[in-house]
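Topology and contacts: notes
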Amino acid sequence: MLFDTVPVRNELVRSLADSVRTLDFEFRRLRQRVAMSARITLAEFDALVTVSQSDDPVTPKQLAAVLGLTTSATTAVLDRLEAAALVARRPHPHDRRSLVVALQPRGEEIMTDLYARFVEAFEPIAAGDACPGDIADLVALLRCITTTVADAHLETAEPTRLAG
């Protein structure tokens, strides 16, 4: 396997990185299945999650940054969500030059249903049926990993385009 050739100082680090990479892949697949069940794209699902989880108003520009999309791609996502009556763009409460994205009642209903389906996937773990061990310890460890990864300051290069 290609990743086995990457030098590491500690094989435990490689195992952790491989486990998190695999978890990320499976987590993305779960999000895709949940999104498909609502007949929306993964980008639309992620936009709805971002808007529904934010305590503050979310502007289209902020949404683009969180989703890693261009502003034009974000506009297309918002156009589709607005056409489906899931979100609405409204004037920003504090900046009259800006808009914010808000969930419509139908969007709230769908997000509640989708979140319930998403959480359902974790029930066997919480029940102890799928994975042995202390779930509280696992939650604490995952939070620590998340914080560590979020705080990692990796040098970034310009994105490369794949030939094709």
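You'll find the structure just up there.
This text gives an overview of the structure that appears in the document. The numbering scheme is per chain: residues are counted from 1 as the chain's sequence reads. Two thresholds apply to this predicted model, a pLDDT of at least 70 for residue-level local features and 80 or more for giving and counting side-chain atom pairs, whereas whole-chain, interface and lining totals are computed over all residues. Side-chain metrics in this entry use all non-hydrogen atoms of the structure; hydrogen atoms and water are not considered.

1. So, the overall build of the chain
Secondary structure elements are defined from DSSP: runs of H or I of at least 4 residues count as helices, runs of E of at least 2 residues count as strands, and each element is numbered from the N terminus. Of the regular secondary structure elements, the chain holds seven helices and two strands. What you see in the chain, going N to C, is helices and strands ordered as α-α-α-α-β-β-α-α-α. Expressed along its principal axes, the backbone C-alpha trace of the chain runs to roughly 55 × 45 × 35 Å. A 1.4 Å probe rolled over the protein chains alone gives each residue an accessible area, and that area as a share of the maximum for its type sets the label: buried under 20%, exposed over 50%, partly exposed in between. The buried share of the chain, taken over its 164 residues, is 23%. The criterion used for residue contact is that any of the two residues' heavy atoms lie within 4.5 Å. A separation threshold of at least 6 residues defines the contact pool for the chain, and within that pool the share at least 24 residues apart is 39%. His is not counted, nor are the chain ends; Lys and Arg add positive charge and Asp and Glu add negative charge. Taken as the charge location is NZ of Lys, CZ of Arg, CG of Asp or CD of Glu. A gap of 7 Å separates the mean positions of the 18 positive and 23 negative side-chain charges of the chain.

2. As for the layout of surface pockets
Lining residues are defined by having an atom within 4 Å of a point belonging to a cavity or pocket. Those points lie on a 1 Å grid over the protein atoms alone, cavities being sets where a 1.4 Å probe fits but cannot get out and pockets being open sets with protein on both sides within 12 Å along at least five of seven lines. Grid points are joined across faces, edges and corners, and a volume is the space filled by probe spheres set on the points. Of the pockets and cavities examined, the largest pocket occupies roughly 1400 Å³. Along its surface, the largest pocket is lined by 39 residues, and Leu-23, Phe-27, Phe-118, Phe-122 and Leu-142 are the ones closest to its centre. Amino acids outside the nonpolar list (Ala, Val, Leu, Ile, Met, Phe, Trp, Tyr, Cys, Pro) and the charged list (Asp, Glu, Lys, Arg) are all regarded as polar, and Gly is one of them. Looking at the lining of the largest pocket residue by residue, the class counts come to 25 nonpolar, five polar and nine charged. What the second largest pocket holds in volume is close to 300 Å³. Lining the second largest pocket are ten residues; nearest its centre among them are Leu-16, Ile-145, Thr-148, Val-149 and Ala-152. When contributions to the lining of the second largest pocket are tallied by element, the ones reaching two or more residues are α1 (11-37) and α7 (135-151). Looking at which element gives the most residues to the lining of the second largest pocket, the answer is α7, with five residues. When grouped by side-chain class, the residues that make up the lining of the second largest pocket number nine nonpolar, one polar and no charged.

3. A few points about the nonpolar core
Within the largest apolar cluster, 22 residues are counted, with the highest numbers of intra-cluster contacts made by Ile-40, Phe-45, Leu-48, Leu-81, Val-87 and Leu-114. Elements supplying a minimum of two residues to this core: α1, α2 (42-53), α4 (71-83), β2 (99-103) and α5 (105-120). With five residues, α2 is the single largest residue contributor to this core. Residues in contact with Leu-48, not counting those within four places in the same chain, are Ile-40, Leu-81, Leu-86, Val-87, Leu-103 and Met-111. Take the buried Ala, Val, Leu, Ile, Met, Phe, Trp, Tyr and Cys residues and link them wherever side-chain atoms come within 4.5 Å; each set so joined is a nonpolar core.

4. Remarks on the pattern of salt bridges
Criterion for a salt bridge: a side-chain nitrogen of Lys or Arg within 4 Å of a carboxyl oxygen of Asp or Glu. Following the criterion strictly, the structure yields eight salt bridges and no others. A salt bridge links Arg-21 to Asp-18; its shortest N-O distance comes to 3.7 Å. Of this pair, Arg-21 and Asp-18 both sit in helix α1, separated by three residues, roughly a single helical turn. One salt bridge connects Asp-113 with Arg-117, and the closest N-O pair in it is separated by 3.2 Å. One end of the pair is Asp-113 and the other is Arg-117, both in helix α5 and four residues apart, which spans about a single turn. Overlapping salt bridges, with partners in common, bring together Asp-79, Glu-82 and Arg-89 in one network.

5. Brief notes about the packing of helix α3 (residues 60-67) against α4
Helix axes are fitted only over the stretch in contact, all axes being lines through C-alpha atoms; the angle between N-to-C directions runs from 0 to 180 degrees. Contact pair α3 / α4: the axes reach a minimum separation of 9 Å and the direction vectors enclose 105°. What the angle tells us is that α3 and α4 run roughly perpendicular. Contacts between α3 and α4 involve Pro-60, Leu-63 and Ala-64 from the former and Thr-71, Thr-74 and Leu-78 from the latter. In terms of residue class, the contact of α3 with α4 is built from four nonpolar, two polar and no charged. The cut-offs work like this: below 35 degrees is roughly parallel, past 145 is roughly antiparallel, 65 to 115 is roughly perpendicular, and the gaps in between are oblique.

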